[in-house]
Amino acid sequence: MSDIGRVDQAVLQLRAQLQRLARQRSQRSDTQPRTDPKALERLRQASSSEAFGDDEFRRKFVRALLTEELGEALGNQPEFERISNEVWRVLDEDPDTRAMMDDAIHRLGIPGA
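Residues numbered from 1 in each chain as written. Predicted model: local features only at pLDDT ≥ 70, side-chain atom pairs only at ≥ 80, totals over all residues. Heavy atoms only, no water.

### Thoughts on the overall build of the chain
As a reminder of what qualifies: In this text, helices come from DSSP runs of H or I with a minimum length of four residues, and strands from runs of E with a minimum of two, each type numbered from the N-terminal end. Per-residue accessibility, obtained with a 1.4 Å probe over protein chains only, is compared with the maximum for each type, and a residue is labelled buried under 20%, exposed over 50%, and partly exposed between these values. Note on contacts: a residue pair is in contact if any heavy atoms of the two residues lie within 4.5 Å. The method behind every accessible area is Shrake-Rupley, applied with a 1.4 Å probe, and residues are considered shielded solely by the protein chains displayed.
Looking only at helices and strands, one finds six helices and zero strands in the chain. Helices and strands in the chain line up, N terminus first, as α-α-α-α-α-α. When burial is assessed residue by residue, the chain has 29% of its 113 residues classed as buried. Restricting the contact set of the chain to residue pairs at least 6 apart, pairs at least 24 apart contribute 68%. Of the accessible surface of the chain, which amounts to about 7,500 Å², a share of 51% is contributed by carbon and sulfur atoms.

### Things to note about the packing of helix 3 (residues 54-70) against helix 5 (residues 78-93)
Quick reminder of the rule: Note on method: axes are straight lines fitted to C-alpha atoms, helices fitted across the in-contact stretch only, with angles between N-to-C directions ranging 0 to 180 degrees. In these notes the angle categories are as follows: under 35 degrees is roughly parallel, over 145 is roughly antiparallel, 65 to 115 is roughly perpendicular, and the rest is oblique. By definition, turning the near helix anticlockwise from the far helix through less than a right angle yields a left-handed crossing, and turning it clockwise yields a right-handed one. Gly is placed with the polar residues, together with every amino acid not listed as nonpolar (Ala, Val, Leu, Ile, Met, Phe, Trp, Tyr, Cys and Pro) or charged (Asp, Glu, Lys and Arg).
In the contact formed by helix 3 and helix 5, the axes pass within 9 Å of each other and the chain directions differ by 125 degrees. In terms of axis orientation, helix 3 runs oblique to helix 5. The two elements helix 3 and helix 5 cross, and the hand of that crossing is right-handed. In this structure, helix 3 uses D55, R58, R59, V62, R63, L66, T67 and L70 to contact helix 5, whose residues at the interface are F80, E81, S84, N85, V87, W88, L91 and D92. Taken together, the residues that form the contact of helix 3 with helix 5 break down as seven nonpolar, three polar and six charged.

### Some words on the pattern of salt bridges
To be explicit about the condition: What makes a salt bridge here is a side-chain nitrogen of Lys or Arg within 4 Å of a carboxyl oxygen of Asp or Glu, nothing more.
Tallied over the full model, the rule gives 13 salt bridges. The closest approach of N and O atoms between R42 and E72, which form a salt bridge, is 2.9 Å. Pair noted here: R42 is in helix 2 (residues 39-49) and E72 is in helix 4 (residues 72-75), with a separation of 30 residues, a long-range link. Overall, the relative accessible area of 32% leaves R42 in the partly exposed class. One salt bridge connects R98 with D92, and the closest N-O pair in it is separated by 3.4 Å. A residue is classified by how much of its surface remains accessible, and R98, at 25% relative accessible area, is partly exposed. D92 gets classed as buried once you look at its relative accessible area, which sits at 11%. Connected through shared salt-bridge partners, D55, R58, D92, R98 and D102 make up one network.

### Topic: helix 5
Basically, it comes down to this: Expected helix span is given by 1.5 Å per residue-to-residue step, counting one fewer step than there are residues.
In this model helix 5 runs 23 Å from its N-terminal to its C-terminal C-alpha over 16 residues, within 8% of the 22 Å that 1.5 Å per residue would give. All of the buried residues along helix 5 are F80, I83, S84, V87, W88, V90 and D92.

### Comments concerning the confidence of the model for the chain
Inclusion rule: pLDDT measures the predictor's confidence residue by residue and takes values from 0 up to 100.
Averaged over all residues, the pLDDT of the chain equals 77, while 78% of them reach at least 70. At the level of individual helices and strands, the chain shows its lowest average pLDDT in helix 1 (residues 3-27), which scores 69, and its highest in helix 5, which scores 89.

### Here's the deal with the environment of L18
Its place among the elements puts L18 in helix 1. Separated by 52 residues in the primary sequence, L18 and L70 place their C-alpha atoms 7.5 Å from one another. If we ignore the near neighbours within four places in the chain, the residues touching L18 are L66 and L70.

Right under this line is the structure:
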């Protein structure tokens with residue numbers, strides 16, 4: 001399978017999983033409004049005081065994006081860690097998507113990458 005085919009397949013799988021998780025999330029009515037900082041803001045705060053390697057930082061960035069998109073309840077589930085690590089791995093394998101992540105991190109003003 002070509003690199004493009006692998007990336008396309010991973011994106012399609014991720015999209016399907018995200019849609020399934022979003023449907024499950026929307027079916028729950030017990031969601032409380034959040035008062036704590038969002039995942040990207042927590043990453044921004046942590047990166048200003050902690051040193052991360054580039055790979056570790058990009059992995060945390062992907063997890064923060066997914067957590068913001070899907071919510072803290074899903075972000076705290078053990079399966080979520082596996083999924084976010086797999087998403088990071090697929091994105092990080094391709095130099096172009098790695099560069100896009102670095103650009104997004106820079107544009108969001110998150111120090112540490």
